[in-house]
Amino acid sequence: MVVGNYEITAKAPTIEDLSYDLTNKEYNGQEQAVEVTAKAGIVGLGTITVKYNGNTEVPVNAGTYNVTVDIATGANYDSATDMQIGTYTITKKAVTVKADNKTSVYGDALVELTYTIPEGTLVGSDDKSALGVTLVKEDGIIVGNYKITGTSNSANYDVTVEPANYEITKKVATVRADNKTSVYGDALVELTYTIPEGT
């Protein structure tokens, strides 16, 4: 009898061997990984390393990431490098903030524009600066009402700024009429008044 050898060689892994979910997720201030595993029934696949735009660091920030995997040599499968999985998106968190109404007196310096952030708006360790909000007042410095509006350049939040009103009110001023005198029969002298310094 001649004895021979029957060799079963390792198989090259394919994307069909993998299970994963590329559903979009909303920014939450935390790492949000794509889980890639061997499908049920796939035995002997090596360790899977997931990469996002070529890096193994799990993404936190909003954006679209190209997801690839490296697969180490396993008991039944060869290794693979940079196997394309697809794209994965972390969307911006939609939030709304409210510009605060402001008022100042005509002639005084304009007051600082501010806005209110509802509780629970910010996530993770984010602070107000993460919203990237800039407020502007409609042009004008005379008495009247002016609209306050805002924009945002935030990387992780889709910010809606509810507008507010800036009112410039009249300045209260007191002047003093000057005492006058004239001689009977003469023309009446011009009436004048004194404006206190700083009025």
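All values reported here derive from a predicted model rather than from experimental measurement.

Draft legend 1. Local environment of the overall build of the protein. Within the protein, the regular secondary structure consists of zero helices and 15 strands. Judged by the C-alpha coordinates and their principal axes, the protein covers about 155 × 25 × 20 Å. Within the protein, the proportion of its 199 residues that are buried is 28%. Look at the contacts in the protein between residues 6 or more apart in sequence, and 53% of them connect residues 24 or more apart. When the accessible surface of the protein is summed, it comes to about 13300 Å², and 50% of that surface belongs to carbon and sulfur atoms. When the 15 basic and 26 acidic side-chain charges of the protein are each reduced to a single mean position, those positions are 8 Å apart.

Draft legend 2. Looking closely at the sheet that holds strand β2 (residues 25-26). The strand order β2-β6-β5-β4 describes an open sheet built from four strands, whose pairing is mixed. Looking at strand neighbours, the two that pair on one side only are β2 and β4 (48-52), the edges of this open sheet. Summarising the sheet, β2 and strand β6 (residues 80-91) pair through two bridges and their orientation is parallel. Paired with K25 across the bridge in β6 is I90.

Draft legend 3. Quick look at the pairing of strand β13 (residues 164-169). Because side chains alternate across β13, one face comprises the buried residues A164, Y166 and I168, and the other comprises N165, E167 and T169, none of which is buried. Looking at chain direction, strand β8 (residues 102-105) and β13 are connected through four bridges and run parallel. Within β13, the residue paired with V105 across the bridge is T169. Here five bridges tie strand β11 (residues 144-152) to β13, and the two strands are oriented antiparallel to one another. Its bridge partner lying in β13, N145 is registered against E167.

Draft legend 4. Just unusual backbone geometry, in detail. You will see that N53, though not glycine, has its phi angle at about 50°, which is positive. Here N53 shows up in the loop between β4 and β5 (63-71). Although it is not a glycine, D82 adopts a positive phi angle of roughly 55°. By the element assignment, D82 lies in strand β6. In this structure D82 comes out as partly exposed when scored by relative accessible area, which is 44%.

Draft legend 5. Fine view of the pattern of salt bridges. Per the stated rule, a full pass over the model turns up two salt bridges. Here K51 ties to D70 by a salt bridge, and the two come within 3.1 Å at their closest N and O atoms. With K51 in strand β4 and D70 in strand β5, the pair connects residues that are 19 residues apart, well separated along the chain. Of the charged contacts in the structure, one is a salt bridge between K51 and D82, with a shortest N-O distance of 2.5 Å. Taken together, the positions of K51 in strand β4 and D82 in strand β6 put the pair 31 residues apart, joining distant regions of the chain. Here the salt bridges do not stand alone but share partners, grouping K51, D70 and D82 into one network.

Draft legend 6. Fine view of the sheet that holds β11. In space, the four strands of this open sheet follow the order β8-β13-β11-β10, with mixed pairing throughout. Only two strands of the sheet have a single neighbouring strand rather than two, namely β8 and β10 (133-137). Direction aside, the axes of adjacent strands within the sheet are offset by 25° on average.

Draft legend 7. Representation of the packing of aromatic side chains within the structure. The full count for this structure, using the stated rule, is one aromatic pair. Note on Y27 and Y157: the rings are 5.5 Å apart at their centroids and 75° apart in plane angle, and the pair reads as edge-to-face. On the criterion of sequence distance, the pair formed by Y27 in the loop between β2 and β3 (37-38) and Y157 in strand β12 (residues 157-162) is long-range, its members being 130 residues apart. A relative accessible area of 3% places Y27 in the buried class. Taking relative accessible area as the criterion, Y157 reaches 1% and is therefore assigned buried. Over the ring of Y115 we find K128, and its NZ or CZ is 4.4 Å from the ring centre. Of note, K137 hangs over the ring of Y166, and the distance from its end group to the ring centre comes to 5.8 Å.

Cut-offs applied
- Along each chain, residues carry numbers from 1 onward, in the same order as the chain's sequence is written.
- Since the coordinates come from a predicted model, pLDDT governs what is reported: local features require at least 70, and pairs of side-chain atoms require 80 or more to be given and counted, while whole-chain, interface and lining totals use all residues.
- Excluded from the side-chain calculation are hydrogens and water; included are all heavy atoms of the structure.
- Strands here mean DSSP runs of E at least two residues long; helices mean DSSP runs of H or I at least four residues long; both are numbered from the N terminus.
- To sort residues, take the accessible area from a 1.4 Å probe on protein chains only and compare it with the maximum for the residue type: under 20% means buried, over 50% means exposed, and anything in between is partly exposed.
- Residues count as neighbours in contact if any of their non-hydrogen atoms are within 4.5 Å of one another.
- Each accessible area value is a Shrake-Rupley result obtained with a 1.4 Å probe; residue values ignore everything except the protein chains displayed when judging cover.
- We score Asp and Glu as negative and Lys and Arg as positive, and we do not count His or the chain ends.
- Taken as the charge location is NZ of Lys, CZ of Arg, CG of Asp or CD of Glu.
- Two strands are said to pair when DSSP picks up at least two bridges between them.
- Salt bridge, as used here, is a side-chain nitrogen of Lys or Arg placed within 4 Å of a carboxyl oxygen of Asp or Glu.
- Here the axes come from fitting lines to C-alpha atoms, over the contacting stretch only for helices, and the angles between their N-to-C directions go from 0 to 180 degrees.
- Classification of ring pairs uses Phe, Tyr and Trp, with its six-membered ring standing for Trp, and accepts pairs whose centres are within 6.5 Å; under 30 degrees between planes counts as stacked, over 60 as edge-to-face, and the remaining range as tilted.
- When the NZ atom of lysine or the CZ atom of arginine is within 6 Å of a ring's centre and also within 35 degrees of its normal, the charge is said to sit over that ring.

That is the geometry; function is a separate question.
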